[in-house]
Amino acid sequence: MTPIEWLDHTADMGFRATGDSVEDAFCEAARALFSLMFAIEEIRPLVEHRIEVCAPSLSELLVEWLSELLAQKDLSRLVFSQFSVTISGNAVSGFSATGQALGEVLDRQRHQPGTEIKGISYLGLDVSCHDELCVVQVIVDV
Amino acid sequence: MPVQDHLIAIHDGEWRMPQQGAMKVPGAIFADQDTIDQLLLDETNRVQWSALRQVRNVAGLPGIVGAAIALPDIHPGYGFPIGGIGAFDVEQGVVVVGGVGFDINCGVRLLSTPLSRSEIEPSLQLLGESLFRTVPAGLGAQGDLRLSVSELNDLLRTGAEYVVSRGYGFADDLEFTEEAGHMPNADPEVVSDRAKHRQFRQVGTLGSGNHYLEIQVVERILDYESADAYGLFQDQIVLSIHTGSRALGHQIGQDYLKEMAQATEKYGFEVPERELVCAPIDSNEGQRYLAAVACGANCAFANRQMITHLVRGAMQDVLGIEPSELRTVYDIGHNNVKFETHCVDGVQRQLLVHRKGATRAFGPDRDESPIAYRAVGHPIIVGGTMGTASYVLRGTEAGMAKTFGSGIHGAGRALSRKKAAKKFWGETVVSDLLSQGIHLWTHSLRGVAEEAPGAYKDIESVVRASTASGITLPVAKMRPLVVIKG
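Here the structure is a predicted model, which means the values were calculated and not measured.

Observations regarding the overall build of chain B
- Scanning chain B from terminus to terminus reveals 16 helices and 19 strands.
- Its C-alpha atoms give chain B a radius of gyration of 21 Å, within 12% of the compact-globule value 23 Å for 486 residues.
- Structurally, chain B occupies a C-alpha span of about 60 × 50 × 45 Å along its principal axes.
- Counting every position in chain B, which comprises 486 residues, the buried fraction comes to 63%.
- In chain B, the share of contacts with a sequence separation of at least 24, taken over all contacts with a separation of at least 6, comes to 77%.

Next up, the structure:
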């Protein structure tokens with residue numbers, strides 16, 4: 001199974017990202033997000049950016065994780081291609097993600113901009129983990 | 001109960017979804033048979049995102065008045081369908097994040113010139129090059145206007161007015177902008193620092209996706225009286241700017257989807273889709289969101305005003321035309337929520353009207369229209385695809401009665417971006433357009449494939465359906481000559 005499957009949504013873009021763990025799936029989702037916007041293979045892992053987010057559920061944590069990464073494009077002008085994350089918590093106390101993203105300052109010549117992502121939606125949002133296989137689904141607003 | 005059993009044709013282009021289940025009002029769908037067939041097929045196939053289901057969901061929100069409405073460019077959105085309208089009682093009703101979306105007050109500004117096609121034909125290449133160089137477009141582009149925190153707050157409070165006060169435009173631009181380019185009740189205090197910081201370098205940028213800047217020719221006048229009022233004539237060169245509130249609006253949308261989810265729970269509302277999170281209009285949460293949306297709307301008005309200034313400069317450089325000769329015909333948004341007065345069952349009521357992928361379309365004799373347009377109603381600007389046509393329409397009394405004075409905003413997508421990117425090749429789209437006399441300048445060939453004309457519904461059928469149902473009337477048809485895409 002390929003880690004990223006692109007979904008059909010009439011107006012916008014969606015993807016399903018798969019990993020061996022929820023952490024892996026979160027990282028694949030981040031790669032999918034930046035693949036929509038840039039030629040991700042051209043983004044060099046030169047700068048490290050730390051991410052810490054929390055949310056009441058895993059699916060909302062995914063929105064926070066991706067929103068935080070997306071915002072850096074405007075806040076620090078950083079774009080990323082490599083990700084790692086540790087997720088902890090439970091359904092009662094909520095979840096947190098601590099991670100790092102590796103990338104560099106946006107270079108419009110080299111990174112070949114694709115389509116701008118306006119936001120991470122909750123439509124069809126899903127995080128499902130069974131038997132060491134985690135699949136997350138996200139629709140982003142274009 | 002399957003929807004197809006309950007979608008009733010009222011007359012040409014108008015359908016009714018009777019109230020059922022959790023719906024508090026019926027649904028009213030204005031569309032042609034092909035669109036209805038496609039919507040029903042999506043229901044039958046139980047696709048994950050169905051626009052009809054979204055109409056039904058909106059109809060179930062607290063305090064909704066009249067009907068949950070969808071226009072001929074309907075397609076699935078977030079919470080509301082695109083092309084969706086919901087009007088709410090100011091005391092019993094709610095304000096809904098999904099009724100506005102991420103790109104607050106995304107809209108179109110139409111500029112007229114005194115030039116006819118033959119006068120610019122030899123300069124099209126130069127004009128395209130100059131506009132492409134002058135107007136920042138595409139993912140990661142930055143604007144030249146650098147603002148301090150207090151200046152950005154001023155811009156959020158007063159919108160296009162702030163930009164004009166800095167010398168980037170004329171008082172007439174404001175006269176011919178919806179809300180005079182300045183939504184009242186904007187409070188920058190309720191906009192996060194993150195939203196503001198994301199925006200600092202984005203004032204006066206076009207963005208990407210379906211946003212564009214086009215030089216167009218008025219190909220056909222369909223209503224001479226209204227065209228005359230709007231200053232439009234056959235063969236005239238006009239320019240169209242389609243963009244929104246950029247990162248500031250996007251971040252407000254993201255922030256308030258979270259904040260309003262808490263409000264939804266607090267007030268005990270159950271919503272079938274997360275993007276329908278809402279709060280009572282008169283609650284603290286509802287008022288905060290409305291004040292934030294007004295900031296986003298003002299940011300979009302300011303953005304289109306700044307781009308207007310850049311366009312005027314580029315046109316002056318190439319053609320020597322004075323900036324004041326490029327007149328704002330109208331600037332109108334299609335993702336917004338506003339307080340308006342409407343006649344409902346013979347009673348004048350103040351309502352909160354959400355329009356997601358739909359414009360305001362007020363017919364004659366409304367105080368909200370510029371005085372010069374009041375006899376015919378303000379223009380509705382419908383953005384087509386880069387290979388087909390755009391339209392100027394006007395509102396009607398039937399539209400006021402049936403849609404709370406709302407109009408279509410575009411062709412509406414037919415193919416997903418995934419399918420479009422598979423079916424079309426960016427370079428081929430560019431050369432096909434050139435063979436039709438359309439010069440395309442773009443920062444992203446991938447974006448061009450996704451936005452290929454063939455990925456959209458036929459604009460003619462969308463306009464025809466809107467006309468057939470009587471909610472709007474066509475005034476002028478424009479065809480693109482130069483297209484600038486992000």
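After that view, the rundown keeps rolling.
Here we look at the overall build of chain A
- Within chain A one finds 2 helices and 8 strands.
- Along chain A, from the amino end to the carboxyl end, the secondary structure elements read β-β-α-β-α-β-β-β-β-β.
- Taking 142 residues into account, the globule formula puts the C-alpha radius of gyration at 14 Å, and chain A, at 14 Å, falls close to it.
- Dimensions of chain A, computed from C-alpha atoms along their principal axes, come out at roughly 45 × 35 × 25 Å.
- Counting all 142 residues of chain A, 51% fall into the buried class.

Considerations on the confidence of the model for chain B
- Summarising the model, chain B shows a mean pLDDT of 95, and 99% of its residues fall at 70 or more.
- Interface confidence for the predicted complex, expressed as ipTM, amounts to 0.93; the pTM equals 0.96.

Re the domain arrangement of chain B
Residues and elements named next belong to chain B.
- Parsing chain B into structural domains produces domain 1 (3–93) and domain 2 (107–414 + 456–485).
- Using only C-alpha atoms to locate each centre, domain 1 and domain 2 end up separated by 24 Å.
- Taken together, the contact pairs 34 residues of domain 1 with 37 residues of domain 2.
- Listing elements by their share of the side of domain 1 that touches domain 2, those giving two or more residues are β3 (27–30), β4 (68–75) and β5 (82–89).
- A per-element tally of the side of domain 1 that touches domain 2 places β5 first, with 8 residues.
- When its residues are assigned to classes, the side of domain 1 that touches domain 2 shows 17 nonpolar, 10 polar and 7 charged.

Remarks on helix α16 (residues 459–468) of chain B
Residue and element names in this part refer to chain B.
- Listed as buried for α16 are I459, V462, V463, A465 and S466. The arc enclosing the buried residues of α16, seen along the axis, measures out at 160 degrees, which places them on a common side.
- Packing partners of the buried residues in α16 comprise β3, β4, β15 (379–382), β16 (390–395) and β19 (472–485).
- Of the residues one or two after α16, G470 is the one with positive phi, at around 85 degrees.

Some thoughts on the environment of I8 of chain B
All names here are of chain B.
- By the element assignment, I8 lies in strand β1 (residues 8–11).
- For the pair I8 and G383, spaced 375 residues apart in sequence, the C-alpha separation works out to 29 Å.
- Beyond its immediate sequence surroundings of up to four residues, I8 is in contact with W15, R16 and P18.

Here we look at unusual backbone geometry
- Even without a glycine there, the phi angle at D131 of chain A is positive, about 45 degrees.
- Residue placement: D131 of chain A occurs in the loop between β7 (126–130) and β8 (133–141).
- What makes D131 of chain A exposed here is the crowd of 5 C-beta atoms within 10 Å.
- At N105 of chain B, a residue that is not glycine, the phi angle is positive and equals roughly 55 degrees.
- Note on placement: N105 of chain B falls in the loop between β6 (94–96) and β7 (107–116).
- Residue N105 of chain B is classed as buried on the basis of its C-beta count, with 30 C-beta atoms lying within 10 Å.

Some words on the interface of chain A and chain B
- Each partner contributes residues to the interface: chain A has 27 residues there, and chain B has 38 residues.
- For the side of chain A that touches chain B, the elements supplying multiple residues, two or more each, are β1 (4–8), α2 (58–75) and β6 (119–120) of chain A.
- Residue contributions to the side of chain A that touches chain B peak at 5 residues, all from α2 of chain A.
- Considered class by class, the residues forming the side of chain A that touches chain B number 12 nonpolar, 8 polar and 7 charged.

A few points about the sheet that holds strand β12 (residues 335–344) of chain B
Residues and elements named next belong to chain B.
- Spatially, the 7 strands line up as an open sheet ordered β1-β2-β3-β4-β5-β13-β12, and their pairing is mixed. Of all the strands in the sheet, just β1 and β12 have a single pairing partner and so form its edges. Within this sheet the neighbouring strands show an average axis-to-axis angle of 25 degrees, counted without direction.

Section: the nonpolar core
- Grouped together as the largest cluster of nonpolar side chains are 208 residues, with contacts concentrated most on F26, A29, L33, L62 and L66 of chain A together with V311 of chain B.
- At 17 residues, the largest contribution of residues to this core is made by helix α11 (residues 284–319) of chain B.
- Each of domain 1 (3–93) and domain 2 (107–414 + 456–485) of chain B accounts for three or more of the residues forming this core.
- Look past the residues within four positions of L62 of chain A in its chain and what remains in contact with it is F26, A29, V127, V136 and V138 of chain A.

What about the sheet that holds strand β5 (residues 94–105) of chain A?
Residue and element names in this part refer to chain A.
- Ordered in space as β3-β5-β4, the 3 strands form an open sheet in which the pairing is antiparallel. Every interior strand has two partners, whereas the edge strands, β3 (47–55) and β4 (78–90), have only one. Strand-to-strand twist across the sheet, computed as the mean angle between neighbouring axes with direction ignored, equals 20 degrees.
- Pairing between β4 and β5: 12 bridges, direction antiparallel. Among the inter-strand pairings, I87 is bridged to a residue of β5, identified as A97.
- Its contacts with the sheet place helix α1 (residues 22–37) against β4 and β5, and it is angled at close to 150 degrees to β4.
- Along the sheet, α2 contacts β3, β4 and β5; its crossing angle with β3, the most-contacted strand, is approximately 145 degrees.

Things to note about helix α5 (residues 149–158) of chain B
Residue and element names in this part refer to chain B.
- For α5, the set of buried residues is L152, L155, L156 and T158.
- In this fold, the buried residues of α5 make contact with α6 (160–165), α8 (193–199) and α11.
- Trailing α5 by a residue or two, G159 shows a phi angle of about 60 degrees, which is positive.

What about the packing of helix α4 (residues 124–134) of chain B against α11 of chain B?
Residue and element names in this part refer to chain B.
- With their axes 9 Å apart at the nearest point, α4 and α11 run at an angle of 145 degrees to one another. In this structure, the crossing between α4 and α11 has a hand that is right-handed. Contacts between α4 and α11 pair L126, L127, S130, L131 and T134 from the former with L310, V311, G313, A314, D317 and V318 from the latter.
- Split into classes, the residues belonging to the contact of α4 with α11 amount to 7 nonpolar, 3 polar and 1 charged.

Some thoughts on the pairing of strand β2 (residues 13–19) of chain A
All names here are of chain A.
- A large share of β2 lies buried, amounting to 5 of its 7 residues.
- Bridge count for β1 against β2 is 5 bridges, and the pairing is antiparallel. Along β2, the bridge assignment pairs E5 with R16.
- Count of turn residues in the β1/β2 antiparallel hairpin: 4 residues.
- Examined bridge by bridge, β2 and β8 share 7 bridges and lie antiparallel to one another.

Criteria and thresholds
- Residues numbered from 1 in each chain as written.
- Chains lettered and ligands numbered in written order.
- Predicted model: local features only at pLDDT ≥ 70, side-chain atom pairs only at ≥ 80, totals over all residues.
- Helix = DSSP H or I, 4+ residues; strand = E, 2+ residues; numbered from the N terminus.
- Rg over C-alpha atoms; globule rule 2.2 N^0.38 Å.
- Buried ≥ 20, exposed ≤ 12 C-beta atoms within 10 Å, placed from the backbone.
- Contact = placed C-beta atoms within 7 Å.
- pLDDT = per-residue confidence, 0-100.
- Domains from an automatic or database assignment.
- Nonpolar A, V, L, I, M, F, W, Y, C, P; charged D, E, K, R; others polar.
- Arc of directions from axis to C-beta.
- Pairing = 2+ DSSP bridges.
- Axes fitted to C-alpha atoms, helices over the stretch in contact; angles between N-to-C directions.
- Core = buried A, V, L, I, M, F, W, Y, C linked by C-beta atoms within 7 Å.
- Left-handed = near helix turned anticlockwise from the far one by under 90°.

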